[in-house]
Amino acid sequence: MPTNLHIETRRFADAAIDQPKRNRTRAALIDSAIAVVAEKGIDAATVQDMVRRSRLAHGTFYNHFDDREHILIEASIAILDYFERIMIHQAGHEAAGCRRMLIALYTLMTHASANLAFGHLIGDTIGRYADVTDRIRPPLRADLRAARRAGDVTVRLTVMVEEQIAALVGLAIKQQLAGRPRLATSRATCEAILRLLGQSPEKAASIVRDVLSRKN
């Protein structure tokens with residue numbers, strides 16, 4: 001859901017301030033794309049909007065990105081890379097498995113929905129663009145396989161299961177940005193993911209309660 005607020009984000013431009021000019025320009029365009037999507041919604045955001053906000057020449061955009069879809073994918077991946085560092089910190093030295101997966105996904109959902117600009121883009125692109133979903137697939141797959149070996153996952157692991165988990169995460173972020181309680185929605189989504197993976201509602205609630213109580 002787009003917002004009427006004027007969104008400013010310079011996270012990637014600031015991070016690239018000491019890098020070569022090409023990197024700084026690319027980062028500025030990514031920041032602009034993120035802000036435009038937050039303000040207008042992903043379907044209404046145009047390349048012209050992004051270029052205007054960045055105050056760069058229109059031709060400069062195409063020196064860095066092929067089209068609108070390309071910059072949306074790259075901006076989403078940049079956000080996920082940023083969130084991954086937070087997720088790694090939150091998970092600490094947890095071995096791969098159910099606990100690590102839940103901490104990572106819970107952290108992604110709560111932080112994305114707490115950051116208006118980042119949340120709007122991630123909520124719309126996870127599940128929409130394969131390249132974005134693929135960014136979270138390797139660690140998710142490793143955790144799922146470890147959880148299955150431990151008996152916490154009873155269903156057959158397929159690409160469809162991974163896609164369904166990604167779709168649940170994206171939906172949770174969008175619901176929270178629309179006003180749903182943030183922590184409760186993230187918790188409920190973690191339980192839904194475990195039910196998808198074969199756990200009963202009671203067992204799913206027990207696992208999530210245990211994991212998040214230890215995390216906090």
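For the structure itself, look to the data block above.
In this text, all values refer to a predicted model and were calculated from it rather than measured experimentally. (Residues numbered from 1 in each chain as written. Predicted model: local features only at pLDDT ≥ 70, side-chain atom pairs only at ≥ 80, totals over all residues. Heavy atoms only, no water.)

> How do you make sense of the packing of helix H9 (residues 159–177) against helix H10 (residues 182–196) when you look at a structure like this?
Helix packing for two helices is described by the angle between their axes and how far apart those axes are. Interaxial distance between H9 and H10 falls to 10 Å at its minimum, and their mutual angle equals 165 degrees. Put simply, H9 runs roughly antiparallel to H10. As H9 runs across H10, the sense of the crossing is right-handed. For the pair H9 and H10, contact is made by Val161, Gln164, Ile165, Leu168, Val169, Ala172, Gln175 and Gln176 and by Arg182, Leu183, Thr185, Ser186, Thr189, Ala192, Ile193 and Leu196, respectively. Classifying every residue of the contact of H9 with H10 by side-chain character gives 9 nonpolar, 6 polar and 1 charged. (Axes fitted to C-alpha atoms, helices over the stretch in contact; angles between N-to-C directions. Helix = DSSP H or I, 4+ residues; strand = E, 2+ residues; numbered from the N terminus. Parallel < 35°, antiparallel > 145°, perpendicular 65-115°, else oblique. Left-handed = near helix turned anticlockwise from the far one by under 90°. Contact = heavy atoms within 4.5 Å. Nonpolar A, V, L, I, M, F, W, Y, C, P; charged D, E, K, R; others polar.)

> Please explain the pattern of salt bridges as it appears in this structure.
Once their charged atoms are close, side chains differing in charge can pair, the charge on each being opposite to the other. A full pass over the atoms with the stated rule returns 13 salt bridges. Note that aspartate 134 and arginine 137 form a salt bridge whose closest N and O atoms lie 3.0 Å from each other. Of the two residues, aspartate 134 and arginine 137 are both situated in helix H8 (residues 130–149); the distance of 3 residues between them amounts to about one turn of the helix. Through salt bridges that share partners, Asp134, Arg137, Arg141, Glu162 and Glu163 make up one connected network. (Salt bridge = Lys/Arg side-chain N within 4 Å of Asp/Glu carboxyl O.)

> Honestly, the packing of helix H2 (residues 21–40) against helix H3 (residues 47–54) in this entry has me stumped. Any pointers?
Two elements in contact, H2 and H3, have axes whose closest approach is 8 Å; the angle formed by their N-to-C orientations is 120 degrees. Judged by the inter-axis angle, H2 sits oblique to H3. Remark: the crossing between H2 and H3 carries right-handed chirality. In this structure, H2 uses Ala28, Leu29, Ser32, Ala33, Ala35, Val36, Glu39 and Lys40 to contact H3, whose residues at the interface are Asp49, Met50, Arg53 and Ser54. Looking at side-chain class alone, the contact of H2 with H3 contains 6 nonpolar, 2 polar and 4 charged residues.

> Would you explain helix H5 (residues 68–91) in this entry?
Residues lying three or four places apart along an α-helix face the same way, a consequence of the helix completing one turn every 3.6 residues. A rise of 1.5 Å per residue sets the reference length of H5, with its 24 residues, at 34 Å; its end C-alpha atoms lie 34 Å apart and thus fit the reference within 8%. Its side-chain oxygen 3.3 Å from the backbone nitrogen of glutamate 69, aspartate 67 forms the N-cap of H5. Positioned one or two residues after H5, glycine 92 has a phi angle of 60 degrees, which is positive. (Expected span 1.5 Å × (residues − 1). Polar contact = N/O pair within 3.5 Å; in protein donor to acceptor, adjacent residues only side chain to side chain.)

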